[in-house]
Amino acid sequence: MHSRCAATSGGSLSSHLAGTDAERAAGLRRMKLVATGMLGAMAVIFVVAFALQDDYPWLQYVRAAAEGGMVGALADWFAVTALFKHPMGIKIPHTAIIPRKKDQIGASLGQFVEENFLSEAVVQQKLASVGVAQKAGAWLATPEGADRVAVEGAAAIRAVFTVLDDDAVQAVIESMVRKHLLTPPWGPPAGKIAERIFNDGHHHQLVDLLVDRAAEWVDSNYDLVSGLVSQRSPTWVPQFVDGLVGDKVYVEITKFMRAVQTNPRHDVRLALDKYLKDLAQDLQHDPVVIAKAEGIKAQVLGDPQVRELAASTWATIKKALLEAVDDPDSELTQNFKAAVRDFGHRMATDEELAGKINRWIADAAGYLVRTYRSDIAAIITETVGRWDAVETSRKIELQIGKDLQFIRINGTVVGSLAGLFIFSVAHAVFG
């Protein structure tokens, strides 16, 4: 379907261009007939006036005007024709200028564009006068502008996901995980982070939470605690003694948990702090502990796990983004549009921000022009160089030939007036 659409579009464009050329060719032919007709009219008038001027002396002025008109028409016909071909097929020097000088014309045109248009000063001056940031910001701040950016962005994301190979992306993610997560040892960096956390006391809140949960569990499990005492006492101990011992153990455990809860300097807390700080040091400096950390890393993130992580990560990202960009009411799309409108508003109203962006654009454009101006201009030279000389001449004639025929018409009129004026002055002076 896309192929048919493309073919249809290409065919329509070609037909349109062909139709335009046909119209221009028809207009050129009409103007040539008018110019040539005026030359023929001047010739007829000259013959009649020349033949009858002895009988009718005033026809001398008509003859002079017709004579001048013919000279002007012929001269301008020669000049116009010499641009595109050899007049009457005769290879007169300095004729058929465009076919012969096609390459030089292309080079000169490229050089002209490079020197006069692809100038860093000209481009920066034009950009400074336009105010690109303000105009772009005003457009982005409108709902239509933000919607257009969102639509184009969604199309770009879909195109990227269409081009990207899933296996290749997963391989990249897997290699990044191996490089940044698996290859470096876990022990020393984890120890450094833990040491900073423990030294600053940030772990105390977690210890408080664990102690509180343990105290709550003891308060809620009296039967379980006292039952453990009964289960582990000898069978010959009387049951009421087990109950007394269980009550005593439960009370002591409760008191112990309350003491740990309320006393920040309790021995248990201090011992736990010392253990954690020692563990942080061991993770950094003890080879045995570091090796154990590496073993844990290998168990948690082995080859199958890494591959599964890479595949699931890419699949999740791809699915989430595609669903978001396909839904114009999705949170991602709405937030993106809001961000675009906000940024556009800032560009349009914040003079400092707009000035910075305009300077960035001007600097970037200046760099591109400064660096690639010759390459850009070479496109013109190379393109003209590839054109066929005859076809190039024909196309240029179709573009400007109609206007050039007015030169022939004007030459006929001006020649007539000049011939009449010269004859009149000469006749007045010499009789």
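Source: prediction; values computed, not measured.

Caption draft 1: Layout of the overall build of the protein chain. Broken down by element type, the protein chain carries 18 helices and zero strands. Burial analysis of the protein chain (431 residues in total) assigns 28% to the buried set. For the protein chain, the proportion of contacts with a sequence separation of at least 24, taken over those separated by at least 6, is 73%. Summed over all atoms, the accessible surface of the protein chain reaches about 28,200 Å², with 65% contributed by carbon and sulfur.

Caption draft 2: Representation of the confidence of the model for the protein chain. Here the protein chain shows a mean pLDDT of 82. Residues at 70 or above account for 89%. Contacts from residues 1-14, a stretch scored under 50 in pLDDT, to residues over four places away or in other chains number zero contacts.

Caption draft 3: Structural detail: the packing of aromatic side chains. As enumerated under the stated definition, the model contains two aromatic pairs in all. With 5.2 Å between their ring centres and 85° between their planes, Y61 and F423 make a pair best called edge-to-face. You can see Y61 sitting in helix 2 (residues 59-84) and its partner F423 sitting in helix 18 (residues 389-430), a full 362 residues away along the chain. With relative accessibility at 17%, the residue F423 sits in the buried group.

Caption draft 4: Representation of the side chain of H266. Assignment of secondary structure puts H266 in the loop between helix 12 (239-262) and helix 13 (267-285). Classification of H266 as buried rests on a relative accessible area of 14%. With residues near it in sequence (within four places) discarded, H266 still touches F256, A259 and V260.

Caption draft 5: Inspection of helix 13 at higher detail. Given a rise of 1.5 Å per residue, 19 residues ought to cover 27 Å, and the 27 Å separating the end C-alpha atoms of helix 13 matches this to within 8%. Regarding helix 13, the residues found buried are R269, D273, L276, A280, L283 and Q284. Buried residues in helix 13, looked at end-on, bunch into an arc of 100°, giving them a common side. Residues of helix 13 that are exposed and point over 90 degrees away from its buried face: D267, K274, Y275 and H285.

The rules behind the values
Residues numbered from 1 in each chain as written. Predicted model: local features only at pLDDT ≥ 70, side-chain atom pairs only at ≥ 80, totals over all residues. Heavy atoms only, no water. Helix = DSSP H or I, 4+ residues; strand = E, 2+ residues; numbered from the N terminus. Buried < 20%, exposed > 50% of the residue type's maximum accessible area, 1.4 Å probe, protein only. Contact = heavy atoms within 4.5 Å. Areas by Shrake-Rupley, 256 points an atom, 1.4 Å probe, with all protein chains shown as cover. pLDDT = per-residue confidence, 0-100. Phe/Tyr/Trp six-rings, centres within 6.5 Å; stacked < 30°, edge-to-face > 60°. Expected span 1.5 Å × (residues − 1). Arc of directions from axis to C-beta.

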